[in-house]
Amino acid sequence: MSQVNRLSQGGRIDRSRQLHFTFNGKPYVGYAGDTLASALLANGIDIVNRSFKYSRPRGIVAAGAEEPNAIVQLGSSEATQVPNVRATQQALYEGLTARSTNGWPNVQRDLMGMVGKLSGTFMPPGFYYKTFMAPASLWMTYEKYIRKSAGLGRSPTEPDPDSYDHINQHCDVLVIGAGPAGLAAAVTAARNGARVILCDEQEEMGGSLLDSRELIDDSPAVQWVDRVIDELAAMDNVTLLPRTTANGYHDHNFVTLHERCTEHLADSAPASGSRRQARSRMHRVRASQVVLATGAHERPLVYANNDVPGNLLAGAVSTYIRRYGVAPGQKLVLSATNDHAYRAALDWREAGREVVAIVDARANPQGDLVAKARTLGIPIITESAVIEAKGAERVSGARVAKIDATRFTVAGEVEELACDTIASSGGYSPVIHLSSHTGTRPTWRDDILGFVPGEVKGLTSVGGARGVYPLDDVIRDGIDGGRQATQAAGLDANAVTGLVPQVSAREDGAACALYQVPHLKPSMRAPKQFVDLQNDVTAAGIELATREGFESIEHVKRYTAMGFGTDQGKLGNINGMAIAARCLHRSIPEVGTTVFRPNYTPVTFGAIVGRHCRDLFDPERYTALHQWHVEQGAEFEDVGQWKRPWYFPRTVNGKKETLHEAVARECLAVRERVGILDASTLGKIDIQGADAREFLGRVYTNKWAKLAPGRVRYGLMCKDDGMLMDDGTTSCLGENHFLMTTTTGGAAGVMEWLELWHQTEWPELDVYFTSVTDHWATMTVTGPDARKLLAELTDIDLDKEQFKFMDWREGTVAGVPARVFRISFTGELAYEINVQANYAMHVWTALFKHGEKYDLTPYGTETMHVLRAEKGLIIVGQDTDGSVTPEDLGMQWAIGYDKPYSWIGKRALSRSDTRRTDRKQFVGLKPKDPKVVLEEGAQIVFDPNQSIPMSMVGHVTSSYYSPTLGHGFALAVVKGGHERMGETVYLPMVDGKVHEAEIVSPVFLDPKGERQNV
Amino acid sequence: MFHIYCPYCEEHREEEEFHPKGQAHIQRPADPEACSDEAWGDYLFFRDNPRGVHHELWVHAVGCRKFFNITRHTVSYEILETYKMGEAPTVTAKSVSEKDKQAGVQAATGGWQTVGARPESEALNDASNQGARV
Ligand SMILES: [Zn+2]
């Protein structure tokens, strides 16, 4: 089929460049400069989708971002699928492949259409609301059905070949929208020296002037556009961003701009060799001032069957004719409430097509465009409107009648006019979405029948965005707004003044208010009158909502789904509010408006994610020994951002060890000989100052007053609510100098915690904190042979009387300055060797050279966990969860009740809640069946025969198989557990099994601690 | 995303560099042991939730690591002032409502507060408190 609706001349398309594309598998041809929508219309495609709920055929309605129907799935390959693309915003390119989103199985013969017809009540208004009220299980069924049939599009199932950029920008004035107002504002600000960013969502800048009939300085308006853009492009202080949508307006003038760099070229960015251009770019703009020049969207009228393909916005008709050289039909009826809409009829006639009639709701329309239509002999039917469209898959006629808008009745005979296109215009709604993103409520203005932006600090609205519509006013408003914004940005705005362009004045008559057109039948029984085409919301649906008692417009929105999803109420919102207002006998501002949310139009995840994916998703932290671990084939575990060796599987007889096998071997090596752990990730904070010791005494639960240089102490840190937040050892390096260690994950939080207390409560204390986590590498040598091994490499006296448990010494290890701490997280004899991180590999390899004869075994975090759990040593965040006190843990030995200062957490320990005897307390669990390893997180009950819901009295926090003990064992919290030693508890599992376990001490191995003291 | 003026760095930085730490000017009772359970619970758990002017503690976490205060409007999110630890705010709910009154603006008073929350401390409005740690 050729381009049946393409005019022989006119438009801003390049007829010398044919572009081939496919829609729903069929090939078509368009021209460079087309959008997918204009090319589809040129090719006479009436039906582009089936509707969301009723599965009715739908055609193209608009020419811009407000298009509700022509939402397509784009992409020629699986990896390049993009859902939610508006055909009106997608430039045509060679090879473009698009599909309808709603069609299932295809738009012409649609199965859901049958469902819709057979059971009209399948999805009545209020469906979502009512379904959410129903049992949740039903929703699952509905959702599957809805998702399959509704046009939500789909994401690609293969990796995206493209890359996306983020860029941070700053400017004095950000101008959003490059129509007449935006161009005037931008050039005014730029001439005054402001750093300006001008963005516009369309393929070309110029906005409404691209299809305007008007003259500026006695020439077609586009020539003025070209001049202004040329001037802006030549200025160093201006950044022009076409194809760039301002999608979100956030706090303090932070605006996200989505620049589509290559989406007009192909469905994947052009590549040269292995380099591929970024497909889109997200500009994160912090603007001193924002100028909102987003113009206005035309409102369609709401009449019966207004969704049949062939019903368009009046302005869209003009845009398709004048900008794309496409007349989307032969015989037009225009239903209007204002003069500006008459352009559609004039353009249609000038394109050589028949205008059957202009149906005007006003009694006596007067104005230059009206006079022009009269001169051309176009019939004008006044005080009337199209009350119903005829036709099924394409408009075949318009039923026209006199109406009484105030009484909401049809006031005369109905006449049927044969036509194939109905254009409607109910006036214009300023595009206030962005200003609403900030949380500001818009203001209704009766004189323009629309909402204008509310007051936002740092924002100036100009032109159509604030209801200024005549072109000469718009340009002046843009100039004024540009000057205001420049001054508000702190610049002198009078330095340069440009000439105000001369616009041929046009007289427009006053518009009248009409939203829903009355029908002979009441809305509930008339053919469907659509308000929100994308979400299939009808006037009857809104009436029903108000009858069911929904008075707030926000509730009506949720009841009907009006303005949901990607639509964000661009076409339907005001009409919907007007209908609700009529039903509730209120005014539109009394009913209020709903809140628009980012994003203004859909943004792909790729653009949002930018480069923060794959390897760059999150920073990874490596210890100084990482390369060695990799070479040894370690499996890694993520601990915060750190990559820690999880276990070191060996290959035995050609078979790689499992986790279980490797951990059993590593555990036994530590218990029987000697193992080594890379503990460099532990947080380390260097604390100095005359009051360092006093400070420690206030933030730790235990005593620090008498810790001598050379000694180490384990400390518990609570929040002031008495709950444990971190633990670790702190060593006294000198009278005023300490080294604190924290958990790997807690390091940054503890650092901030110390600063918080020092800076806000105790600034008089002389103390300083420095994070030294990365400066030192930590190697834990532990096991019965640890002393023998270390002795071969150090000048430190390791004699057990000279260098006791919980001592630290300075010296050299493998010839390198080192601090060695005799602390143990395994229950075995242990030395933690700290050396400067850049010496770590040297020391580590030296240890292995000497350790070979002791079978020195590297172990990972999993073995570390088993070994510490056998000793009942907690891991904060695993065995505790922010609701556990040191007393719950049975660690009264680490609480300095009689310290002079009321340290953080102390007072809370005597609150009635922390004194309860039935608090969950920390215990060991020994499963009755030695082969059982309980599930971590499993719930504990006292009575296994209690009916569901059972009284849950605790849960398992850590659970492992112990190769040393030869059975499974667990740590847990149990209500009143400390007084329940020896009792049996039960753990009912999902599969119906019930495990039995005995409450025991959490210390399973060496309860007297003799092994670490050897 | 907020644009925050750090009073120590003396420049505007992006919100990503900061952490919010809750309501400002919550002073730990000098003698916790002398507090009733109720008074201690109030210090620990109860915070204001005003509709309007709110004083907040923030930290320039990945900048200078200094804690400081922000006076922010909880409806417009406008930052009215930032000031160092130990300084008293010059903008308070009281001063804003007085200014509005003079300008003829009818401001909503009270707003929504949590049960047990204290009214804005009088100390915040006392100019002689300048320099005192409140
Ligand atoms: Zn700072």
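Residues numbered from 1 in each chain as written. Chains lettered and ligands numbered in written order. Predicted model: local features only at pLDDT ≥ 70, side-chain atom pairs only at ≥ 80, totals over all residues. Heavy atoms only, no water.

Draft legend 1. Spatial organisation of the overall build of chain B. When helices and strands are tallied, chain B shows 2 helices and 6 strands. Listing each helix as α and each strand as β along chain B from the N terminus yields β-β-β-α-β-β-β-α. By the burial criterion, 35% of the 134 residues in chain B qualify as buried. Across chain B, every contact between residues at least 6 apart in sequence was considered, and the portion connecting residues at least 24 apart equals 55%. About 7,500 Å² of surface is accessible on chain B, with carbon and sulfur atoms providing 50% of the total. (Helix = DSSP H or I, 4+ residues; strand = E, 2+ residues; numbered from the N terminus. Buried < 20%, exposed > 50% of the residue type's maximum accessible area, 1.4 Å probe, protein only. Contact = heavy atoms within 4.5 Å. Areas by Shrake-Rupley, 256 points an atom, 1.4 Å probe, with all protein chains shown as cover.)

Draft legend 2. Examining the overall build of chain A more closely. When helices and strands are counted, chain A shows 23 helices and 53 strands. Along the longest, intermediate and shortest principal axes, the C-alpha atoms of chain A span 115 × 75 × 60 Å. Across the 1014 residues that make up chain A, the buried fraction comes to 59%. Sequence-distant contacts, at least 24 apart, represent 66% of the contacts inside chain A between residues at least 6 apart. With an accessible surface of roughly 40,600 Å², chain A has 51% of that area assigned to carbon and sulfur atoms. Considering chain A, the positive charge centre built from 108 side chains and the negative charge centre built from 122 side chains are found 3 Å apart. (Lys, Arg positive; Asp, Glu negative; His and termini not counted. Charge placed at Lys NZ, Arg CZ, Asp CG, Glu CD.)

Draft legend 3. Broad picture of the coordination of the zinc ion. Residue and element names in this part refer to chain B. Around the zinc ion, the donor atoms from the protein are Cys 6 (SG), Cys 9 (SG), His 60 (ND1) and Cys 64 (SG), and they sit 2.0 to 2.3 Å away. For the zinc ion, the 4 donor atoms are set out with angles of 106 to 114° between them, so the coordination reads as tetrahedral. If you list the donors of the zinc ion from N- to C-terminus, the spacing comes out as C-x2-C-x50-H-x3-C. One end of the pair, Cys 9, is in the loop between strand E1 (3-6) and strand E2 (11-14); the other, Cys 64, is in the loop between strand E4 (53-59) and strand E5 (67-73), with 55 residues separating them in the sequence. For Cys 64, a relative accessible area of 29% gives the class partly exposed. (Donors = N, O, S within 2.8 Å, 3.2 Å for Na, K, Ca; no water. Tetrahedral: all angles 85-135°; square planar, octahedral: opposite > 155°, others 65-115°.)

Draft legend 4. Representation of the side chain of Thr885(A). Residues and elements named next belong to chain A. Relative to the helices and strands, Thr 885 is located in the loop between helix H23 (861-870) and strand E48 (920-927). When its relative accessible area of 0% is taken as the criterion, Thr 885 is described as buried. Ignoring any residue separated from it by four or fewer positions in sequence, one finds Thr 885 in contact with Gly 722, Met 723, Leu 909, Thr 914 and Arg 919.

Draft legend 5. The arrangement of the pattern of salt bridges in detail. All names here are of chain A. Taken as a whole and assessed by the stated rule, the structure comprises 70 salt bridges over all chains. Between Glu 350 and Arg 213 there is a salt bridge; the shortest N-O distance is 2.6 Å. Residue Glu 350 is located in helix H8 (residues 342-350), and its partner Arg 213 is located in the loop between strand E9 (196-199) and strand E10 (215-216); the two are separated by 137 residues in the primary sequence. Residue Glu 350 is classed as partly exposed on the basis of its relative accessible area of 46%. Of the charged contacts in the structure, one is a salt bridge between Lys 390 and Glu 388, with a shortest N-O distance of 3.8 Å. (Salt bridge = Lys/Arg side-chain N within 4 Å of Asp/Glu carboxyl O.)

Draft legend 6. Inspection of the packing of helix H5 (residues 180-191) of chain A against helix H11 (residues 471-488) of chain A at higher detail. Residue and element names in this part refer to chain A. It is the contact of H5 with H11, at a shortest axis distance of 7 Å, that shows an interaxial angle of 35°. Where H5 crosses over H11, the two elements pack in a sense that is right-handed. Facing Pro 180, Ala 181, Ala 184, Ala 185, Thr 188 and Ala 189 of H5, the residues of H11 in contact are Leu 471, Val 474, Ile 475, Gly 478, Ile 479, Gly 482, Arg 483 and Thr 486. Grouping the amino acids of the contact of H5 with H11 by side-chain chemistry returns 9 nonpolar, 4 polar and 1 charged. (Axes fitted to C-alpha atoms, helices over the stretch in contact; angles between N-to-C directions. Left-handed = near helix turned anticlockwise from the far one by under 90°. Nonpolar A, V, L, I, M, F, W, Y, C, P; charged D, E, K, R; others polar.)

Draft legend 7. Geometry of empty space enclosed by the protein. Residues and elements named next belong to chain A. For the structure shown, the criterion picks out 9 cavities of 30 Å³ or more. Counted as a void, the largest cavity has a volume near 130 Å³. Lining the largest cavity are 16 residues; nearest its centre among them are Ser 429, Pro 430, Gly 569, Ile 574 and Phe 596. When residues of the lining of the largest cavity are traced back to their parent elements, those giving at least two are strand E27 (428-430) and helix H14 (573-584). Partitioning the lining of the largest cavity into residue classes produces 7 nonpolar, 7 polar and 2 charged. In this structure, the second largest cavity encloses a volume near 110 Å³. Around the second largest cavity, the lining is made up of 15 residues, and of these Val 61, Pro 300, Leu 301, Asn 306 and Leu 533 lie nearest the centre. Elements represented by at least two residues in the lining of the second largest cavity include exactly strand E19 (311-313) and strand E31 (530-532). The element contributing the most residues to the lining of the second largest cavity is E19, with 3 residues. Across the lining of the second largest cavity, the residue classes break down as 11 nonpolar, 4 polar and no charged. (1 Å grid on protein atoms, 1.4 Å probe; cavity = no way out; pocket = protein on both sides within 12 Å on 5 of 7 lines; lining within 4 Å. Points joined across faces, edges and corners; volume = space filled by probe spheres on them.)

Draft legend 8. Spatial organisation of the sheet that holds strand E43 (residues 776-782) of chain A. Residue and element names in this part refer to chain A. Taken in spatial order, the 6 strands make up an open sheet running E44-E45-E46-E43-E37-E47, and their pairing is mixed. The two strands at the open ends of the sheet, each matched to only one other strand, are strand E44 (808-813) and strand E47 (857-858). For strand E37 (residues 675-678) and E47, the ladder comprises 2 bridges, and the chain directions are parallel. Its bridge partner being in E47, Ile 676 is matched across the sheet by Pro 858. The strands that helix H22 (residues 840-851) touches are E37, E43, E44, strand E45 (816-821), strand E46 (830-836) and E47; relative to E43, the one it contacts most, it runs at about 15°. (Pairing = 2+ DSSP bridges.)

Draft legend 9. Summary view of the packing of aromatic side chains. Residues and elements named next belong to chain A. For the structure on display, the rule yields 26 aromatic pairs over all chains. Residues Trp 444 and Phe 451 carry aromatic rings whose centres are separated by 5.0 Å and whose planes lie at 75° to one another, so their mutual orientation is edge-to-face. Accessibility expressed as a relative area gives 12% for Trp 444, which makes it buried. The buried category is assigned to Phe 451, whose relative accessible area is 4%. Each residue in the set Phe 695, Trp 753, Trp 757, Trp 762, Phe 769 and Tyr 901 is aromatic and connected to the rest through ring pairs, giving one cluster. Geometry around Tyr 600 places Lys 570 over its ring, the cationic atom sitting 4.7 Å from the centre. The side chain of Arg 582 reaches across the aromatic face of Phe 408, ending 3.7 Å from its centre. (Phe/Tyr/Trp six-rings, centres within 6.5 Å; stacked < 30°, edge-to-face > 60°. Lys NZ or Arg CZ within 6 Å of the ring centre and 35° of its normal.)

Draft legend 10. Structural context of the interface of chain B and chain A. Opposite the 30 residues of chain B that make contact, chain A presents 32 residues. Between chain B and chain A lies a buried interface of about 2,700 Å² when both sides are counted; carbon and sulfur atoms form 46% of it. Of all residues in chain B, the largest losses of buried area upon contact with chain A belong to Met1(B), Arg28(B) and Arg65(B), amounting jointly to 26% of the total for that side. Inspection of the chain B/chain A interface yields 7 salt bridges. In this structure, the salt-bridge partner of Arg286(A) is Glu14(B), at a minimum N-O distance of 2.5 Å. On inspection of chain B and its partner chain A, the count reaches 24 residue pairs in polar contact (both at pLDDT 80 or more). Where the side of chain B that touches chain A is concerned, the elements lending two or more residues are strand E3 (19-23), helix H1 (37-45) and E4 of chain B. With 5 residues, the top contributor of residues to the side of chain B that touches chain A is H1(B). The residue inventory of the side of chain B that touches chain A, partitioned by class, reads 16 nonpolar, 4 polar and 10 charged. (Buried area = accessible area lost by both parts, 1.4 Å probe. Polar contact = N/O pair within 3.5 Å; in protein donor to acceptor, adjacent residues only side chain to side chain.)

Draft legend 11. Region of interest: the pairing of strand E26 (residues 421-425) of chain A. Residue and element names in this part refer to chain A. Burial of E26 is extensive: 5 of the 5 residues sit out of reach of the surface. Examined bridge by bridge, E19 and E26 share 3 bridges and lie parallel to one another. The residue bridging Asn 311 from the neighbouring strand is Ile 422, located in E26. In this structure, strand E20 (residues 331-336) lies alongside E26, joined through 5 bridges in parallel fashion.

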